[in-house]
Amino acid sequence: MALLKVENLSVGYKSKKGMVNAVNNISFSIEQGRSLGFVGESGCGKTTIGMTLMGLLPENASILKGDIIFNGNNLASFNDEKWRAFRGKEISMIFQAAMNALNPVIRVDEQIAEVIQIHNPAMSKSDVSNQVKKIFSLVEIPEDRLRDFPHQYSGGMKQRAIIAMALACAPKLIIADEPTTALDVIVQDQILKEIKKIQKALNTSVIFISHDIAVVADVCKDICVMYGGHIVEKGTREEVFKSPRHPYTKTLLGSYLTLDSYEDINVPEIREAPDLITMTGGCRFSANCNCKSQKCQCQTPEWVNLSSTHQALCFEELLNKDKND
Amino acid sequence: MKKIEKKPEHRNHYIERFTKSWAIFIKNPMGKTGLIILSAFMLMAIASFFVPLLGPVYHPMTGADPNITYSTGPSLQHWLGTDFIGRDLFVQLLEGAKVAFIVGLSCAFISVVLGTAIGMISGYAGGIVDTILMRIADIFMVLPSLVILLILASLWELSIWVIIFIIAIMRWPSVSRIIRSQTLSLKSRPFIEASRVAGASNFRIIFKHIMPNVLPLAFLYMTFRVTSAILVEAALSFLGFGDPGQVSWGMMLQWVWSSGHMFQAPYWLLPPGICISLLTLSFYMLGRAMDEVLDPRLRKEEEEE
Amino acid sequence: MTEEQNIQTPIIELNGVTKEYSSKKNFLSKGETNIIALNNISLAIQKKEIFGLVGQSGSGKTTIGRLLVKLEEPTKGIIKLNGKPTNKLKGKALKHYRSKVQMIFQDPYQSLNPHLSIAETIIEPLVVNKIGNALTRRDKVLETLEIAGLSPGEDFFHRYPHQLSGGQRQRVAVARAIILDPDFIVADEPTSMLDATIAIQLFQLLLDIRKKFKMTFLFITHNLAAARYLCDRIAVIHNGVIVETGSADKVIKDPQHPYTKKLILAQPGFNFKN
């Protein structure tokens, strides 16, 4: 059985102009010990998914429909009190802005110990401190830095401390929302290795959210590509990145610069962001898509199975037409 | 031709911002109440221009009713009664509203213009200019304004305009402190640097780029300045150091006191007292509601849309 | 081509440029701590070149950009524009310099004044340099908007920054930078706040502008891949020191300095090994 199963989830934000459909009818699941990556550009809804799974949606946002089944519990129906007991223990999160997630006036080890104590009130003091030491050795922060204040840490160290905090209660699922975006490439590389190592060592499931496809490809075995609140393509990373089928995935990959691929870059047309308020029936990507088929603008595309693991949200004949080109 | 075309667009932006802010403002119960009370006082102030036209009896300063030689209670002829020499209290109250507005608004205006200009220059220039200006501000800030006014007023007879000017001079430093810190944070913003790279002069940067960004804050401070100016003037008048040729609410209270009617004539004592409290309250509520309009969190939401 | 360039005077030249920031502790304690942001930097940028300056945060790459547009002055060393030293320019000479050297800033959400319309923003360099009259300025702004890929220009003329997307805002910033027809533009991480698909379009725009107007660019970035895509030559900067300079191809295919090697190894790529 899957650890987490999300079915037909829609999340909306109330705004003056109407309901913003940030996440629209998405379904995915993740097994124990697997890693799932969400990739997409700003406004595609990937952060909203993370916030929904943590029960941290802002006040003007709500789950419109759908179920989030985690270990037999439906998180979509949780109230605040249930979330408090659950959050951090079963699912925890690694935030983007490491500098803001640590309290500047409390020593780092105390902050981690506090998280453990909240969820395990019966644990003795020495057990807690042993647990803290264990976690710090896992994220490779030297033991003599335990008693430091956050400002004494470098950016990479702070991010490690944040990871340590997320690991404090040995959660079954960790959500990492752009954990390396603010970091330098070399530090990013170390942190990504760290996350992979920990995931293997603890057999934790990881949901990794990023705008950087290469980073997601590095960490995750399964990939969901998002556009305008929809998942438009999902599959293993080899399927999605080596043989992308959805036009948006192709655009995304085609415009991504790497050290090797800089020559065959496709510069996309000037693209308008999808309108998330007025819901026309058609495909959200149709305005920017090369296929420019009439059908795309009025008819909602369906999932097309490309293999047992690889699916794309498009029209079958268009996918095939594209292939023949 | 281009100018003509550009102007309405430019105004539109400010109108758009104003209507947006207005929508937030008017939703606030405090802002609404404050505005209603304020409108009532404004009507009173406007009325004060017309009432004396009814006859010489209705002049606030010289219009003593020849038939009355002592303070009387409310009657048909004098709605709030008369003072000890037979002048109409209601007319005086209207006149007091006018004076309160003149004192409050002109004081606030002078101190905010001064404070904003000094704050922007101080924050933008930095260095020695900043240090000197801010030390001067500190000196003014710690001066007890009422005491100084009392000393000056006991030495010379001060007209209402001199009083206004002195209060304004004492009140700019706190405005300039706020504007300075706002300017400091704006100064290092990339759009200011972009303008410098484009070759803009300091003068242009201050007035074209910094001023529109600090004006809302200056405006907010103006409402709070109004409150304090009205209170200072009232206190001064009540203590007997106001402009003797000018009726004001503080002056009315002074007359109640000095003529020994403090505990005999509630119809005389209460109205100016209530008016002072209500008017300052309404400006305060206005300021609080505006504070909410300027709240960065609300502004942010607006920008994100 | 290289021979001809060698004979030409470089458009921008940095000679032993050092920048220190001193932080006076306070009145009482006399000690001063100096932070060396740039240490003895020497660089030469040739005409029509896109020169990449690659480094991580805190490496001093942004400081070089700020020195070049005279937002700051070097502590030591000389900066030359077209062979002429430019240290401590004032008044008219500074204004003239600024009309020749422009900048595109990193964050398009911060670099445009929210209270000015797009037209007012782009027209500013013309106004402060007293170029043209109201009518010719308007035409110039419209033309520049079109060049920056904001067409039709009339559509954007009266809009305000908050009505534009990030990519459009950065195009406005580009338009503001090129309207004076400068010789040299400093682009400080112009795409780091933008999505990849938008960033690549902006790169294309910069390449087009270079071709059309023969402008020279200094492209400051933390992204080696972007530098390789855009630049002719690259300098890698680390802790205020330039550790390696060379053609973009050479630096990435055959890095010499251990730091450059480390940087290249850390780049995420699509190699699914683990």
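These notes cover the structure that comes with them. Numbering of residues starts from 1 in every chain and runs along the sequence as written. A letter from A marks each chain and a number from 1 marks each ligand, given out in the order of writing. It should be noted that, the model being predicted, local features are given only for residues of pLDDT at least 70 and side-chain atom pairs only at 80 or more, the latter also being counted only at that level, while totals for whole chains, interfaces and linings use all residues. Heavy atoms from the whole structure form the basis of all side-chain values; hydrogens and water molecules are not counted.

## Considering the packing of helix α4 (residues 127–142) of chain B against helix α6 (residues 160–187) of chain B
All names here are of chain B. Definition in use: Between N-to-C directions, angles span 0 to 180 degrees; the directions come from axes that are lines fitted to C-alpha atoms, helices contributing only their stretch in contact. Strands are runs of DSSP state E lasting at least two residues, helices are runs of H or I lasting at least four, and both sets are numbered from the N terminus onward. With respect to orientation, any angle under 35 degrees is reported as roughly parallel, any angle over 145 as roughly antiparallel, any angle of 65 to 115 as roughly perpendicular, and every other angle as oblique. Two helices cross in a left-handed way if the nearer one is turned anticlockwise from the farther one by less than a right angle. They cross in a right-handed way if the turn is clockwise. The contact criterion used is simple: two residues touch if any of their non-hydrogen atoms lie within 4.5 Å. Throughout this entry, Asp, Glu, Lys and Arg are counted as charged residues, while Ala, Val, Leu, Ile, Met, Phe, Trp, Tyr, Cys and Pro are counted as nonpolar. The remaining residues, Gly among them, count as polar.
Remark: α4 packs on α6, axes separated minimally by 8 Å, with the N-to-C direction vectors making an angle of 135°. As far as their axial angle goes, α6 and α4 are oblique. Every pair of crossing elements has a handedness; the one defined by α4 and α6 is left-handed. Here D130, L133, M134, R135, I136, A137, D138, F140 and M141 of α4 lie close against α6, whose contacting residues are I169, M170, W172, P173, S174, S176, R177 and R180. In terms of residue class, the contact of α4 with α6 is built from 10 nonpolar, two polar and five charged.

## A few points about helix α5 (residues 145–155) of chain B
All names here are of chain B. What counts here: The rule is simple: take the accessible area with a 1.4 Å probe, protein chains only, and divide by the maximum for that residue type; under 20% is buried, over 50% is exposed, in between is partly exposed. In this description, one arc is meant: the one made by directions from the helix axis to the C-beta atoms.
All buried positions along α5 are accounted for by S145, L149 and A153. For α5, the buried positions fall inside an angular range of 60° around the axis, keeping them on one side. Its buried side turned inward, α5 meets α6 and α8 (202–238).

## Observations regarding the sheet that holds strand β9 (residues 233–238) of chain C
Residue and element names in this part refer to chain C. Inclusion rule: Any two strands with at least two DSSP bridges between them are considered paired.
Read from one edge of the open sheet, six strands run β6-β7-β8-β3-β9-β10, paired in mixed fashion. Pairing within the sheet leaves two strands with one partner each, and these edge strands are β6 (101–104) and β10 (241–247). Taken over all neighbouring pairs, the strand axes of this sheet differ in orientation by 20° on average, direction set aside. Pairing geometry for strand β3 (residues 50–54) and β9, over four bridges, is parallel. Opposite L53, over in β9, you have A235 as the bridge partner. Along the sheet, helix α7 (residues 166–178) makes contact with β6 and β7 (184–188), crossing β6 at roughly 175°.

## Some details on the pairing of β3(C)
Within a regular beta strand, the side chains point alternately toward one face of the sheet and then the other, so they alternate between its two faces. β3(C) sits mainly inside the fold: five of its five residues count as buried. Along β3(C), one buried face is formed by I50(C), G52(C) and V54(C) and the opposite face, lined by F51(C) and L53(C), is buried too.

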